[in-house]
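# Summary of the model geometry
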Amino acid sequence: MKQLCFLLLMLTVLAKAQAQTRISGTVTAAGRPLSGANILLAGTYDGTSADSTGSFSFTSYESGSFAIVFSSLGYNTDSLRVQLNGQPVTLTLRMKEAIVELNAVTINAGTFETGDNRKGAVLTSIDVATTAGAVADVVAALQTLPGTAQAFGENGLFVRGGTGAETQTFFDGMLVKSAFGSQLPDIAGRSRFSPFLFKGTSFSTGGYSAQYGQALSSALLMESKDMPDKTSTEFSILSVGLSAAHTEKWKKSSLVVGGNYYNLAPMYAVVKQNIDWNRSPVEIQGSAQYKLQVGERGMLKVYSQFNRTRADLTTNFGDEQNRADIVNKNNNYYINATYKDETQSGWKVQGGISAYVNDERGKVNNDKYALDNNQYQARFVLSHPILGRNLVRTGIESSFNSHGESWNALGRSFNNHMQAAFAETEWYLGQLFVTRIGVRTENNSIIDKWNLAPRLSFAMKAGKRGQFALAYGSFYQNPDDAYLVQDRNLDYEKAQHFILNYVYQKTGITFRAETYYKKYDNLTKYNSTTYTQGFAVTNYSDLNNGGSGYAKGFDLFFRDKKTIPGGQYWISYSYLDTKRDFRNYPTRAIPPFAAKHSLNIVYKQYVPGLKTEFGTTYTFSSGRTYYNPNNAVFLGNKTKSFNNLSLNISYLTRVFNEFAVLYASATNLPGFSNVYGYNYSADGLKNTAIRPAANRNYFIGLLVTIGDNTFNH
Amino acid sequence: MKKIIITLVLAFALVNAFSQDKFTSAILKGIAMMDSAKNAASNLESANYFERIANAEPAQWLAQYYAGLTLIYVAYDESKDAETRDMIYDKAIAFADKADKLKPGNSDVYALKGYITFMKMAVAPQARAMSMIPVSNAQIEKAIALDPENPRALLMKGQNLFYTPEAFGGGKAKAAEVLKQAAIKFASQKTTGIEPSWGQRRCNSLLEQSK
């Protein structure tokens, strides 16, 4: 009992001995008072908020050595030690603005990010889907960004003076051999993938990371969506066909199965076509995607798709006397499976396999042709953070591709194995600088040579919202399959990019200016005396790597989502100066796919009262060169400039009590008469203008989802 | 010797009980601050207060919960720009996630998550509605599944419907149905000290507006 009394007494004495200490002072940041800063005594409840003058004061019964922690949103949390012994403590606290995600320095030279929750995203996936004139085609929407050119009669994304083939598409990191359907004479096709598949796209106009290769100009990185939230079903009735998809969501997995049927006959009956279709094009498409969550952070994604198209048309290649009936059937199968995970210790692993099978066959008059392209790829990437935000990343790829082509009974083919490895590291030097150093090496069995491509990027903050960036890289790409199949002595084509970029970004406003120089070497050349166009299978003689060229210019981009309530707009302008000597050019010349000036103005306005979004896109492109055999100067003629004004309307409504969008669009509404170029007859005496497939185009669609307000297909 | 040990154990228990009490009274004081906060500054004060307790009591889910909740009120201030509001909501989400780790499968924690997600969506609705409304709704549905009697889970559901345009499956009429159910549950809820019990006023005000 005595002991207990003693102990209680001790406790009481101890409690009494606790003296009260007053802690007071001021908090400032950059000389200004920081009102609302939180000041606390670590490990206790004691503390207070700074008032509007940055002053604070509180008392504590604690005694001894304690840490005072002070924090405020947007500023670096800091602390200092104080001795509490009853004597008043006066503190002068100074805080530094934190480099938060929005104003952190990042590697961005040459890159446009699109996506919903991405830092620095320029377009959201909805923007991609609803840009007027793009008709929900990812590539068409990207053509409203600077650095790109309108693809006129050719498939592909034309970036900074590069051909369409110089841009490669990557689906969750896996190379897609071709994201487009068959190339028909002077008709650009749509890309094969729906924009609703992807949560974000990173579009590089140059200087992209060592993780990717085989693209001289540009890498288009598309990242598929994660798990859908709900089970839902969607239907679309379009003026060009029908579409349906079902999404089934389980606890840890999901499956989306969908199909599209497009038949252009009804539309062609209404809208006058410049192309002489014998039968309207038909496309059947089916896809399935499966997603499985593994553990806490692992995600398995499997995507598969098939496309089947049929086209039948008559073209004259510039000579009315030389008409050709062309039939093209294309079967395309694509599947990829990727797995991503992160270990407790911070290792990120990413692996994938993919298969691409393209079987294209048909007739040119009575001659039969066939083209077979296959690609199988495996990829494995490992990354780990070091010392905070710094990072090392390394990976290997192995792929096999084959190309076969035949003309009647004649045929030829080749197989190629590619091995690639890359490593890169990102280092932050303080909070204002970041650098990325990477290297990539590739070996292709058909070229039988290792290449080595260094990539460098550097970025520096300039003020709170601005940033300068520099990038350099060398890039290698195999010559086109049509060349490789005829000559096994060809070498890699090479490009080098030098990029200087400035970005200013604040909420709702993005300004971006970029200037670049791109140098081409080892471009493939061949001999040919005629410049008339062939189709499907062509013979080339004297194939060699003697070509070269350059592209230089600048791009400007301004986007404002803030000033107009419910509205937003962006303006992009590109200046391009390029010449190249490749293919069968006798000299360096401006290629037909390069326009000196390109301008895009995109404006979207949502009107809540009408539940309708209006969008309009104006595109201008200065005249482009075309080959005129009667002009002594090669590619010495220029078309007149190109103008296009497109409009679209999306009306949100309910059909049978389900969420629905009624969508209508019109391209080239004022009916500008646009000419892409001219085809000349073999004797050079006759020519025909290459025109858009239709002068104006209309599209109407009704999309209904049952059970959800989103589209997954 | 035995006595000393007993005494020590007793003393420890006493100290423990005392600190438990201290926590409860601190939370109660915070709730009073939260309820009486009238402007941006006082909302920030109550958020700062809960953050201090959350820091000192890293194992108490309620401290994290209230720190997350009060940050929503801080962000509510219209004069703040979108970046700042985003940062506040991100901080609130971090507190809600901590609360979820400490108290897995709690209906109120999921209702809070759904609340924050919806508010973050509202910072840039045109860009985020399509992706974030379904996430918020799923969190709230989970909250309701975890405890169908939780009035705050129903309030959140009603609130989401209230602020979602009719064209997207929301609307005031639909909101009113759910809010009425919430109001009934609020009327019969048993307030248990520091457990979440807020929301009745908000529920009534939304019901009034949806008439």
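Conventions we followed
- Residues numbered from 1 in each chain as written.
- Chains lettered and ligands numbered in written order.
- Predicted model: local features only at pLDDT ≥ 70, side-chain atom pairs only at ≥ 80, totals over all residues.
- Heavy atoms only, no water.
- Axes fitted to C-alpha atoms, helices over the stretch in contact; angles between N-to-C directions.
- Helix = DSSP H or I, 4+ residues; strand = E, 2+ residues; numbered from the N terminus.
- Parallel < 35°, antiparallel > 145°, perpendicular 65-115°, else oblique.
- Left-handed = near helix turned anticlockwise from the far one by under 90°.
- Contact = heavy atoms within 4.5 Å.
- Nonpolar A, V, L, I, M, F, W, Y, C, P; charged D, E, K, R; others polar.
- Buried < 20%, exposed > 50% of the residue type's maximum accessible area, 1.4 Å probe, protein only.
- Polar contact = N/O pair within 3.5 Å; in protein donor to acceptor, adjacent residues only side chain to side chain.
- Pairing = 2+ DSSP bridges.
- Domains from an automatic or database assignment.
- Buried area = accessible area lost by both parts, 1.4 Å probe.
- Salt bridge = Lys/Arg side-chain N within 4 Å of Asp/Glu carboxyl O.
- Patch = residues over 30% accessible without salt bridge, like charges linked within 9 Å, V, L, I, M, F, W, Y side chains within 5 Å.
- Areas by Shrake-Rupley, 256 points an atom, 1.4 Å probe, with all protein chains shown as cover.

This part takes up the packing of helix α7 (residues 151-163) of chain B against helix α8 (residues 172-188) of chain B. Residue and element names in this part refer to chain B. Running from N to C, α7 and α8 point in directions that differ by 165 degrees, and their axes come no closer than 8 Å. On the basis of their axis angle, the class for α7 and α8 is roughly antiparallel. Both α7 and α8 take part in a crossing whose hand is left-handed. Judged by residue contacts, Pro 151, Arg 152, Leu 154, Leu 155, Lys 157, Gly 158, Gln 159, Leu 161 and Phe 162 of α7 engage Lys 172, Lys 174, Ala 175, Val 178, Leu 179, Gln 181, Ala 182, Lys 185 and Phe 186 from α8. Split into classes, the residues belonging to the contact of α7 with α8 amount to ten nonpolar, three polar and five charged.

All names here are of chain A. Take Thr 435: it is sitting in strand β27 (residues 433-444). Given the relative accessible area of 17%, Thr 435 is considered buried. In this structure the side chain of Thr 435 is engaged in a polar contact, spanning 3.1 Å, whose partner is the backbone oxygen of Ser 457.

Residue and element names in this part refer to chain A. Of note, Phe 58 is situated in strand β5 (residues 55-60). The buried category is assigned to Phe 58, whose relative accessible area is 6%. Sequence separation between Phe 58 and Pro 608 is 550 residues; the distance between their C-alpha atoms is 50 Å. Excluding residues that lie within four positions of it along the chain, Phe 58 makes contacts with Thr 21, Arg 22, Ile 23, Ile 39, Asp 46, Gly 47, Thr 48 and Ile 68.

Right, let's talk about the pairing of strand β26 (residues 410-429) of chain A for a bit. Residues and elements named next belong to chain A. Here strand β25 (residues 390-407) runs beside β26; their pairing, made up of 17 bridges, is antiparallel. Bridge pairing in β26 links Gly 395 to Phe 422. In the sheet, β26 pairs with β27 via twelve bridges, with the strands oriented antiparallel. Residue pairing for β27: Thr 425 is matched across the bridge by Ile 437. Between β26 and β27, which follow one another and run antiparallel, lie three residues, and Gly 430 among them has a positive phi close to 65 degrees.

Residues and elements named next belong to chain B. According to the domain assignment, chain B consists of domain 1 (1-88) and domain 2 (105-211). Contact with domain 2 buries area across many residues of domain 1, yet Tyr 65, Ile 72 and Asp 86 alone supply 36% of it, more than any other trio. Linking domain 1 with domain 2 are two salt bridges. Here Asp 86 ties to Arg 128 by a salt bridge, and the two come within 2.6 Å at their closest N and O atoms. If you look at where domain 1 meets domain 2, you find three residue pairs in polar contact (both at pLDDT 80 or more).

Before going further, it helps to examine the sheet that holds strand β4 (residues 47-49) of chain A. Sheets are built from strands that pair by backbone hydrogen bonding, the pairs being arranged parallel or antiparallel. All names here are of chain A. Taken together, four strands build an open sheet; the order of strands is β4-β3-β6-β7 and the sheet is antiparallel. On the outer flanks of this sheet lie β4 and β7 (78-84), each paired with one strand and no other. The sheet shows a mean angle of 15 degrees between the axes of neighbouring strands, taken without regard to direction.

On to the pattern of salt bridges, then. Residues and elements named next belong to chain A. Across all of its chains, the model carries 34 salt bridges over all chains by this definition. Note that Arg 361 and Asp 359 form a salt bridge whose closest N and O atoms lie 2.8 Å from each other. Arg 361 gets classed as partly exposed once you look at its relative accessible area, which sits at 37%. A salt bridge links Glu 397 to Arg 440; the shortest N-O distance between them is 3.0 Å.

We now examine a nonpolar patch on the surface. Side chains of A:Ile237, A:Leu242, A:Tyr261, A:Ile284, A:Phe306 and A:Tyr333 sit close together on the surface and give an oily, nonpolar patch of about 560 Å² of accessible area. Residue classification places A:Tyr333 among the partly exposed positions, given a relative accessible area of 42%.

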